[in-house]
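Residues per chain, in single letters:
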Amino acid sequence: MIKEELRKIWRPGMLMVLIVMGAVYYMMFMEFYIRFFPNGPHYEGEFDTARQMKEAYGTSISEEEMADFVTCIPLLQKEADRYVADSEAGRRYGLKTYEQYGEFRQKIYEDIGAGEQAADKNENYADCMILDNYLQSEATDNIEGRLYAACLFEAEYRRAQELEAEWEGEEYSRKEQEHARQLFFGKDKKWQNILPWEVIQAAGAYGGRLLVWVCLSVCLLLSPLMVHDRMAGMRPLQYSSRHGRKIYRSQLAAVMLSAFLLTTVNIVLFGGMFTSNGTAVFFPCRMYSFMGTQYSWPDWTHGTWCLALAVMCYLTAAGTAGAVFFLSKSSANYVGMMLKVVPLFIALAVLCPKMTEDAFYYQNELYRYTGIPYIEFICAAALTAAGAFLCWYGAGTVRKESA
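Residues numbered from 1 in each chain as written. Predicted model: local features only at pLDDT ≥ 70, side-chain atom pairs only at ≥ 80, totals over all residues. Heavy atoms only, no water.

Remarks on the overall build of the protein
The number of helices and strands found in the protein is 19 helices and zero strands. Looking at the protein as a whole, 46% of its 403 residues are labelled buried. Contacts in the protein between residues far apart in sequence, at least 24 positions, make up 77% of those at least 6 positions apart. Of the roughly 20000 Å² of accessible surface on the protein, 59% is carried by carbon and sulfur atoms. (Helix = DSSP H or I, 4+ residues; strand = E, 2+ residues; numbered from the N terminus. Buried < 20%, exposed > 50% of the residue type's maximum accessible area, 1.4 Å probe, protein only. Contact = heavy atoms within 4.5 Å. Areas by Shrake-Rupley, 256 points an atom, 1.4 Å probe, with all protein chains shown as cover.)

Describing a nonpolar patch on the surface
On the surface, a nonpolar cluster with roughly 710 Å² of combined accessible area is contributed by M16, I19, V20, V24, M27, M28 and F29. Looking at the secondary structure, you find I19 in helix α2 (residues 12-30). (Patch = residues over 30% accessible without salt bridge, like charges linked within 9 Å, V, L, I, M, F, W, Y side chains within 5 Å. Salt bridge = Lys/Arg side-chain N within 4 Å of Asp/Glu carboxyl O.)

Considerations on helix α11 (residues 174-184)
Residues E176, Q177, A180, L183 and F184 constitute the buried set of α11. Here the buried residues of α11 occupy an arc of 155° about the axis, which is enough to place them on one side. Facing away from the buried side of α11, by more than 90 degrees, are the exposed residues R174 and Q182. In this fold, the buried residues of α11 make contact with α18 (365-370). (Arc of directions from axis to C-beta.)

With respect to the packing of aromatic side chains
This structure, assessed with the given rule, holds 33 aromatic pairs. Measuring from ring centre to ring centre gives 5.2 Å for F37 and F47, while their planes differ by 80°; the resulting arrangement is edge-to-face. In this pair, F37 sits in the loop between α3 (32-35) and α4 (41-57) while F47 sits in helix α4, placing the two residues 10 residues apart along the sequence. Aromatic pair F184 and Y288: ring centres 4.5 Å apart, planes at 35°, arrangement tilted. In this pair, F184 is assigned in helix α11 and Y288 in the loop between α15 (247-274) and α16 (302-329), connecting sequence segments 104 residues apart. Judged by its relative accessible area of 0%, F184 falls in the buried class. For Y288, a relative accessible area of 5% gives the class buried. Cluster of aromatic residues (ring-pair linked, three or more members): Y172, F184, F185, Y288, Y295, W297, Y362 and Y367. Across from the ring centre of Y83, 4.8 Å away, lies the NZ or CZ of R82, which sits over that ring. (Phe/Tyr/Trp six-rings, centres within 6.5 Å; stacked < 30°, edge-to-face > 60°. Lys NZ or Arg CZ within 6 Å of the ring centre and 35° of its normal.)

And the structure:
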């Protein structure tokens, strides 16, 4: 009987709807985090530099290795000096070094900020922007972004060394301070981990939109099942036989199996597409790093963190499937079903991004609101429990109807 229920769920027409809507949803809400990652020359410089550091030094960088890394900064500065001096704007304004160009740019910004001349009428500003774009282009291999990233990582590394000697975090609670001090600034020196914050931001935002799509696809696929049987007058026929009175169990099993399969397809398809942006190279790296990442409750690898998001997707999908199954069972027609399912999806669409963005980090929105560590996983488990309760309650109403 489960096989027959699966056929009723996985109809060709509904599959076409899911494929079309999935493609549209991807292009509207998810493609950005693949096509435009990293977003901007400075972020691109940070990502590329961190990737090179990971390949050269492994998942963490010691003080001796950092001393070796910073030797590249004078070389990058000389390279930038050469590009500035050889540029048309450099020759026009007598700029010989990147430092001189920085002073020249700062002076132009100050003049425009003081209102001496509008930016669109300032010829020097136009030349400055042309040179700025040139230093961030492929022609120079984004020398400005690479130099910015190298200097930034050196500064952040020195700052983390100071925190190791005397850790301060007045903006955090005592529990958060003690946790961060013991986990990241202890004898293991876990603050030396390599992981750019842009990777966490992109993965969390993409995961939130993926989770919203998982919930939407589950709602679309499963909501017509029980309503269709009720409108077709199947219930009296089912209850007239011994096997038919147990159809609820078969339908529930088919619903949960379908939710699991659909979630797996979504995670494999869209998750695999996300790894094409190059972030998979950081899977072995730990969650916290001196590279601007915030403090986290667990000390997982980035790959484990992504797996945790996938588990949250499965739990949320199971809870959504249970709720949709119950709402569909209690609806007399498609209009009534939509009036119940749409508010459910809206609530999930609001909650899901808050669960995945900065998940298990101190600045996660749900954690900042509740103060409960791992609240993201607790919310996903609570959704599963709510779906299970609705299914159990629905089984009781079925027994009453068939009595």
